[in-house]
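The primary structure of each chain is shown beneath.
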Amino acid sequence: MTCASCANRIERKLNKLDGVQASVNYATEKARVTVPDGYDPALLISEVEKTGYTAVLPAPRNSGRREASSTDDEDAPNQELLSLKHRLIGSIVLTVPVIAMAMIPALQFTYWQWLSLALAGPVIVWAAWPFHKSAWTNLKHGTATMDTLISMGTSVALLWSLYALFFGTAGVPGMTHPFELTVGPSDGAANIYLEVGAGVTMFILAGRYFEKRSKRQAGAALRALLELGAKEVSVLRGGAEVKVPTSDLQIGDEFVVRPGEKIATDGVVTAGTSAVDASMLTGESVPVEVAEGDAVAGATVNAGGRLVVRATRVGSDTQLAQMAKLVEDAQTGKAEVQRLADRISGVFVPIVIAVAVITLGAWLGAGFPVAAAFTAAVAVLVIACPCALGLATPTALLVGTGRGAQMGVLIKGPEVLESTRKVDTVVLDKTGTVTSGKMTLVEVITEPGVDRAELLRLAGALEDASEHPIAQAIAKAATQEAGTLASAEDFANLEGKGVQGVVDGHAVLVGRESLLAEWSQRLSGEVASAKARAEGEGKTVVAVGWDGAARGILVVADTVKPTSKEAIAELKALGLTPVLLTGDNEAVARQIASEVGIEQVIAEVLPQDKVDVVARLQKAGKVVAMVGDGVNDAPALAQADLGLAMGTGTDAAIEASDITLVRGDLRSAVDAIRLSRKTLSTIKTNLFWAFAYNVAAIPIAALGMLNPMLAGAAMAFSSVFVVGNSLRLRGFTSIAQKV
């Protein structure tokens, strides 16, 4: 498929079959088809082939075969990109001398026109072959795209030049194209237009190459997701640990997960207790405490003690694989915008052909010779092929994306820009997007008479011996305030309750309020009410006691990024409605939303629910942008009309998104939307002028007064204007840079 209209054509053809519902995605080059039971897939492939394309069934989804199939999937687009690259390099080498000779009379030696033919011929036939092939397919189905326009213009330029060289006077030794832009009637038999045909091909190929290179990223989200899982696992066989690849795991196998390791697959804990960081699946910033009998998910991280897990789901049944399927479904169902150039060409091509036919008829009707009539008609077709059309999108995209990269905004492809124009709702993930995604000590509340620094120093020293993320947050804050911490002696991790040990001769307890109560250490009414208030706001509270008495509490929370409030205000200024979407609990979500100025909050949702929320907003007529950073956001990022991933987040989220925000600053999302809109506006201006120069010259061609210099000048002026207009994007400034 060469454009979104190809995808639409295949989709329409498949949907005409009885009982078939199909959705074809141009970016991922996949069709999602619903068929009745017992339907023969060969009929679908046959129907696609009748449309002029090819199709294959996807490899079955299982862990044993996925690696082989993914490599095959990657080879096809790589081959296509390599072919395009070879055609582009070949056309540059051959076309530059042709344009130079045609535009500079001093280079027009005795037989220059024949050298031009030798150089331009392979470009117009071989390098432009994908355009000719696509044009033929379009012709068979009664449609016209940008490829039709390119094929028609370049072919006519070559054929007319061959006629002029072999049957006209253009082939005589010493023929020149004088440097003049005057217009006057001629029979055209002394003129060749090889530089127009070769130049158009070269420019359009350059544009296609850059677009194809960015489009290649579409399937990378799935690969990034599938690479998240553990590669090896320690399975218990006959009481001994044996290292095996995760693909060899069977349901019922028991395996060991040490602190810091990823859990190999979905299962149930059979021995041990720990805290598991499941934020990638749930969005919860606080690790989940697990013990014997609790379920755990594959690819989540064991943040605490040693666990033994019994596998309950493997391969394509795991939560991670289901999430990969969600991403694929979202990408397949996502409607790709049709190139603006294709939409314009669909109208422009029939008009140009009609003008050429009218010109031919008018000249013949007026009694002019057939040769003169054909000259005028062919001139119309030659001048109508706009060189700058191939530069209009890629140059603006290259400059716009280059400027974006300098500001930490990576835009993946031209389709992305079209989406930003209509976006009216921005859905924001909470953890890691609006907030930092890391636990931080936010408050220290002491009992009367207790020194704050002492409380933090003793608690921090004990927590420093623990691997729990909350413990590490407390230890980090204590180190920043008190410097080097003392070593804890007789340290013990009390399952699900907290820790105890001796620090500088004090018997210290840090953990749940119930742990202190077991040692008859109770919080005062004032501190207990402060604890209740903090927990009501969704924060995590740790109680501290030593030498037989409760000494105070430490409040830990995921804090709002300093720039988030300003970013939300800027999004609203762009006319967008922000919505906070999180897997965290309602209280936490409401608290964060009120801090940054978001009115709409949707909390306590799982990854598949996030996709549903985005889809529901889309069904309600909203054009949705989604900003997220975790694996749990990847399906929703793929589903949204515009996906923006924090560069500080996971590879899966980054690959599933359309735009990556390198710095992890939410203000970059504002820059991304502003820059995308500006770039799209530039592309539209470019397309207007790409056609305008040529349209203005069509009447001159119809009157039979077109000379090669005029055709070349129209090509050059429109191309220079388009490039110059695109370069203006280098002056785009970021709101973050102004602060």
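Residues numbered from 1 in each chain as written. Predicted model: local features only at pLDDT ≥ 70, side-chain atom pairs only at ≥ 80, totals over all residues. Heavy atoms only, no water.

The name recorded for the protein in an unreviewed UniProt entry is Copper-translocating P-type ATPase, from Arthrobacter cheniae. Quoted straight from UniProt, the Subcellular location (unreviewed entry) entry for the protein says "Cell membrane". (UniProt positions renumbered as here; feature names shortened; annotations may be inferred.)

Student: So what exactly am I meant to see when it comes to the UniProt feature "transmembrane region" (unreviewed entry) in the protein here?
Tutor: Following the UniProt record, one finds the feature "transmembrane region" (unreviewed entry) at residues 88-105, 111-129, 149-172, 192-210, 344-364, 370-399, 687-704 and 710-729. Across residues 111-129, helical content stands at 89% and strand content at 0%; the span's end C-alpha atoms are separated by 27 Å. For residues 344-364, the helix share is 100%, the strand share is 0%, and the end-to-end C-alpha distance is 30 Å. (Helix = DSSP H or I, 4+ residues; strand = E, 2+ residues; numbered from the N terminus.)

Student: What's the story with the sheet that holds strand S23 (residues 642-646) in this structure? I'm lost.
Tutor: Strand order across the open sheet formed by seven strands is S12-S24-S23-S22-S13-S20-S21, with mixed pairing between neighbours. This sheet does not close on itself; its edge strands, each paired only once, are strand S12 (409-411) and strand S21 (600-602). Geometrically, the sheet is characterised by an average inter-axis angle of 20° between neighbouring strands, direction not taken into account. Relative to strand S24 (residues 659-661), S23 runs parallel, the two being bridged by three bridges. Considered in S24, the bridge of Ala645 is made with Thr660. (Pairing = 2+ DSSP bridges. Axes fitted to C-alpha atoms, helices over the stretch in contact; angles between N-to-C directions.)

Student: Looking at this structure, I do not really get the sheet that holds strand S4 (residues 240-245). What am I missing?
Tutor: Within a sheet, each strand pairs with its neighbour through backbone hydrogen bonds, oriented either parallel or antiparallel. Read across the open sheet, the six strands follow the order S4-S3-S5-S11-S6-S9; overall the sheet is antiparallel. The sheet is open, and its two borders are formed by S4 and strand S9 (295-296), each paired with just one other strand. Bridge count for strand S6 (residues 266-271) against S9 is two bridges, and the pairing is antiparallel. Directly across from Gly267, in S9, lies its bridge partner Val296.

Student: Would you take a moment to explain helix H16 (residues 452-463) for this structure?
Tutor: For the α-helix, the turn length of 3.6 residues means that residues three or four positions removed from each other point alike. With twelve residues, H16 extends 16 Å from end C-alpha to end C-alpha; this agrees with the ideal 16 Å at 1.5 Å per step. Of the positions making up H16, those classed as buried are Leu455, Leu456, Leu458, Ala459, Gly460, Ala461, Leu462 and Glu463. (Expected span 1.5 Å × (residues − 1). Buried < 20%, exposed > 50% of the residue type's maximum accessible area, 1.4 Å probe, protein only.)

Student: I keep staring at the pattern of salt bridges and nothing clicks. Help me out?
Tutor: Here the idea is simple: oppositely charged side chains can pair when their charged atoms come close. For the coordinates displayed, the defined rule picks out 21 salt bridges. Here Glu537 and Lys539 are joined by a salt bridge, their closest N and O atoms 3.1 Å apart. Taking the relative accessible area as the measure of exposure, Glu537 reaches 23% and is therefore partly exposed. When the shortest N-O distance is used, the salt bridge between Lys610 and Asp633 registers 2.6 Å. Taken together, the residues Lys610 in helix H22 (residues 607-619) and Asp633 in the loop between strand S22 (624-628) and helix H23 (634-639) connect sequence positions 23 residues apart. It is possible to trace a salt-bridge network through shared partners that takes in Glu241, Arg258 and Arg306. (Salt bridge = Lys/Arg side-chain N within 4 Å of Asp/Glu carboxyl O.)

Student: It is not clear to me how a nonpolar patch on the surface should be interpreted in this structure. Could you clarify?
Tutor: On the surface, Phe109, Tyr111 and Leu115 cluster together to form a nonpolar patch covering roughly 300 Å² of accessible area. Among the structural elements, Phe109 can be located in the loop between helix H3 (63-103) and helix H4 (112-127). Residue classification places Phe109 among the partly exposed residues on the basis of a relative accessible area of 42%. (Patch = residues over 30% accessible without salt bridge, like charges linked within 9 Å, V, L, I, M, F, W, Y side chains within 5 Å. Areas by Shrake-Rupley, 256 points an atom, 1.4 Å probe, with all protein chains shown as cover.)

Student: Please clarify how the pairing of strand S17 (residues 506-511) should be interpreted in this entry.
Tutor: Regular strands show a simple pattern: their side chains alternate between the two faces of the sheet. As defined by bridge partners, strand S16 (residues 498-503) adjoins S17 across six bridges and the pair is classed as antiparallel. Each bridged residue has a counterpart across the sheet, and for Gln500 the counterpart in S17 is Leu509. Taken together, S16 and the strand that follows it, S17, pair antiparallel across an intervening segment of two residues, in which Asp504 is found at a positive phi of about 50°. With four bridges connecting them, S17 and strand S18 (residues 540-546) associate as antiparallel partners. The residue of S18 that forms the bridge with Val508 is Trp546.

Student: Just checking my understanding: could you explain the packing of helix H12 (residues 370-383) against helix H25 (residues 667-702) for this structure?
Tutor: A pair of packed helices is characterised by two quantities: the angle between their axes and the separation of those axes. One way to put it is that H12 packs onto H25 with a least axis distance of 8 Å and a crossing angle of 170°. One element, H12, and the other, H25, form an angle in the roughly antiparallel class. Across the interface between the two elements, Ala376, Ala379, Val380 and Ile383 of H12 pack against Asn694, Ala697, Ile698, Ala701 and Ala702 of H25. Of the residues belonging to the contact of H12 with H25, the class tally is eight nonpolar, one polar and no charged. (Parallel < 35°, antiparallel > 145°, perpendicular 65-115°, else oblique. Contact = heavy atoms within 4.5 Å. Nonpolar A, V, L, I, M, F, W, Y, C, P; charged D, E, K, R; others polar.)

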